[in-house]
Structure formats: structure tokens, C-alpha cells
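Structural overview
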Amino acid sequence: MASPANEGKGLLLKADPIAATYRDEVKTTLTKCTRPPKLVGILATSSAPSRSYAEFTKKQCAELGFEFVLKETGAAASPDLGEGEGVEEAIIEANEDETVHGIMIVSPFKDVEGLHVKFHYNLYHNIRFIKPDSLLSSVPPIPPMVTALESDQPPAGTVKSIIPCTPLAIVKCLEYVRVYNSILPYGDRAYGKIITVINRSEVVGRPLAALLSNDGARVFSVDIDSIQEYTKRPRVTNSTESEAVRRYHPRHVVRPSNLTLEECLAQSDVVVSAVPSATYKVKTEWLKDGCVCVNVSSEKNFEKDVREKASLYIPSIGKVTILMLLRNLLRLQQYKQASAAPSQ
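Small disclaimer: the values here were computed from a predicted structure and weren't measured. (Residues numbered from 1 in each chain as written. Predicted model: local features only at pLDDT ≥ 70, side-chain atom pairs only at ≥ 80, totals over all residues. Heavy atoms only, no water.)

**Let's talk about the environment of K319**
Along the chain, the position of K319 falls in helix α9 (residues 318-340). Relative accessible area serves as the criterion here: at 36%, K319 is assigned to the partly exposed category. With 263 residues separating them along the chain, K319 and F56 place their C-alpha atoms 9.0 Å apart. Ignoring any residue separated from it by four or fewer positions in sequence, one finds K319 in contact with A15, D16, A19 and F56. Among the polar contacts made by the side chain of K319, one reaches the side chain of D16 at a distance of 2.8 Å. (Helix = DSSP H or I, 4+ residues; strand = E, 2+ residues; numbered from the N terminus. Buried < 20%, exposed > 50% of the residue type's maximum accessible area, 1.4 Å probe, protein only. Contact = heavy atoms within 4.5 Å. Polar contact = N/O pair within 3.5 Å; in protein donor to acceptor, adjacent residues only side chain to side chain.)

In C-alpha cells:
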């Protein structure tokens, strides 16, 4: 969808066409379920954006046929209660309910979207496929030595590990606009791209930097007091080593960077910003000509003239995020059934 010339030379791409692709996938998968998955949302904050996100998720679940229960506690239930009060009790209650397949905590806690500890481990160790029954084991899987594969299809007897929905939604947006090169081997399709991620929270920035670097990109992770570089490629190539070992670390490596934000942006093919502040703005003049910019925050992190430099600007990804959440929920239901099958 092209934009009028007086609004900038870059394209404005809304999330709707990206979400539509996964909406069809989710609807098709849902028709194969014996019963719809059940998601419990726990809202314990007075934050208006958090309530809006919870209500929009509830609406999407109803439209698609998922069962969604919104549990309000703490400041969301009463101004006399504190932020986050009652969340632990709500989690325990939902976790003990065998009909519940997923729990969504809508702020104010900072974790990798409540991921099972196994999925959290897999994310940072670049483990893409797992055996469903391994979720019942306390022993972590062994990371693979070579991470570029010919196909994204799980080997026989395995399934894909779960990835947190917001970072995954950003990756899907980048795949849609061809930042990822589908001709390259799976696990290396972002090779050659330099990406700056502004925000290093445990919810978005850090897992996103890990995902992108494990897919081959060179990533600058920017936070309030430091800049780090994420990459899985060694700095020095040793000609005596095998090609597989020379080209990759088994997972990303994090190093401190001496570059400034301006220097990072000047060479970045993609800029992702997820700063929860209305006053924070990425300076358009610092952007590389022709870059792709993605705004993840509920606030507008880019200046109004961003498309004067960016070839493509995605102003929000919320609709894609919710579809990734529901896709994850379907997979969790399937994995639970698969892990229980041998004992039946």
C-alpha cells in the first residue's frame, strides 16, 4: 500500500495483511481441535494500555472461537489494591485447572511472557526443535552444534519450541517484508542484515536480539545505559577448522559495543524500537537511507518524518502479536496431548 508523496517517500505498512496470513492458519488449526484451547488472562494493573491489550485479546479470541477468561485482581479490580496484588494466587488457581492451556499475565511483571522454563532455555540456546515428552523432564536438551538447516520442518518425533509472541511477531513482520531471505538455509536467513533493537527488556528486546542473531543477523541491542552486540559468527576465522565450526557459534554471543546509537543506526538495515515512553523518539536524521523501521511500543517511538529515510515503516504489530499468542496456545494444547499420549 503506497502512501501519498507528501507524507514521505517510504511505504506505510499496517499489520493487517501480515496478521491475515496467520489468522487463516489459526482458524484452520482450530477446526481440527476436539475442543477450543482455554486462555486465562490475568490483569493486575490500572494501566490503560494493558487493559486495552487484554480486552482486544478477549475480542480476538471470541471472534476466532477460543475460550478466554479475564481474571482481574490487584489495581485492575479495585483502586484500594496495589499494582500486581493477587497475581500469584491467580496463577496458582489457573495452573491447577486442567482445562486451562495457557496463562497470560498482562503487566506489570517482566519475564519472557511467562514462558515455560524449557522454552526460555531453548530460546537462548538456539534449540529450535524438541520432543514433546521432554517438557516433562528436568534435564535440559543438548544444543545442536550446527544451527543452519535446510528446512524449518521439525525432524520426525519432534515439534517446534515455543517462542514468546511479541518477539516472534516482529520476526514474522520482517519475514513478510523480505528482510529474511528464504533462499538461505533455515536458521541463517537474516544473514548479512544489521539490525538495531532499542529496548533490552526480558519481554521484548533481549529475546528479540537473541532470535535475530541466531537467525544470522548482526544485532545491536540498545538499552538506557549500554549497547551490546549479538552475533553467532566468530570474529576470527581459523582456516584449519571445519566450515560448520568456522561459520557459526552454536548460539549467539553477546559482546559490549563501543558504538553510539547514532553510529548503530547509520549502518542498520532494520530498526526496531520498543521504548514505553511518549517522549522517546528515534531521530530520523540518524537512520540509514532505505532502512525498515518497526514500532513495537504503544507509544510512537519514531518521528513523524520517519518515512523520509525509511523505505518501509510498520507503526504497530499488536494484531500480529495476538495471532502469535493464539498460535502458541494451539501448539501448547497439541504438545500437552502429545506428551500425555504414551501413558494412555
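So, next bit.
**With respect to the sheet that holds strand β10 (residues 253-256)**
The strand order across the open sheet formed by eight strands is β1-β13-β12-β11-β7-β8-β9-β10, and the pairing between neighbours is mixed. Edge positions in the sheet fall to β1 (11-12) and β10, since each of these pairs with one other strand and no more. Where strand β8 (residues 218-222) meets strand β9 (residues 227-231), four bridges bridge the pair, whose relative direction is antiparallel. Pairing of F220 across the sheet is with E229, part of β9. (Pairing = 2+ DSSP bridges.)

**What to know about the packing of aromatic side chains**
Taken as a whole, this structure holds two aromatic pairs when the rule is applied. Over the ring of Y186 we find R128, and its NZ or CZ is 5.0 Å from the ring centre. Over the ring of Y124 we find R206; its NZ or CZ atom is 4.1 Å from the centre of that ring. (Phe/Tyr/Trp six-rings, centres within 6.5 Å; stacked < 30°, edge-to-face > 60°. Lys NZ or Arg CZ within 6 Å of the ring centre and 35° of its normal.)

**Brief notes about the environment of G86**
Take G86: it is sitting in the loop between β3 (67-72) and α3 (87-95). Spatially, the C-alpha atoms of G86 and I42 are 9.6 Å apart, while their sequence positions differ by 44 residues.

**Here's the deal with helix α5 (residues 165-176)**
Residues three or four positions apart in an α-helix share a direction because the helix packs 3.6 residues into each turn. With 12 residues, α5 should cover 16 Å at 1.5 Å per step; its first-to-last C-alpha distance of 16 Å lies within 8% of that length. Extensive coverage of α5 is indicated by the burial of 10 of its 12 residues. Here α5 has its buried residues at C165, T166, P167, L168, A169, I170, V171, K172, C173 and L174. Looking one or two residues beyond α5, the residue adopting positive phi is R178, at roughly 70°. (Expected span 1.5 Å × (residues − 1).)

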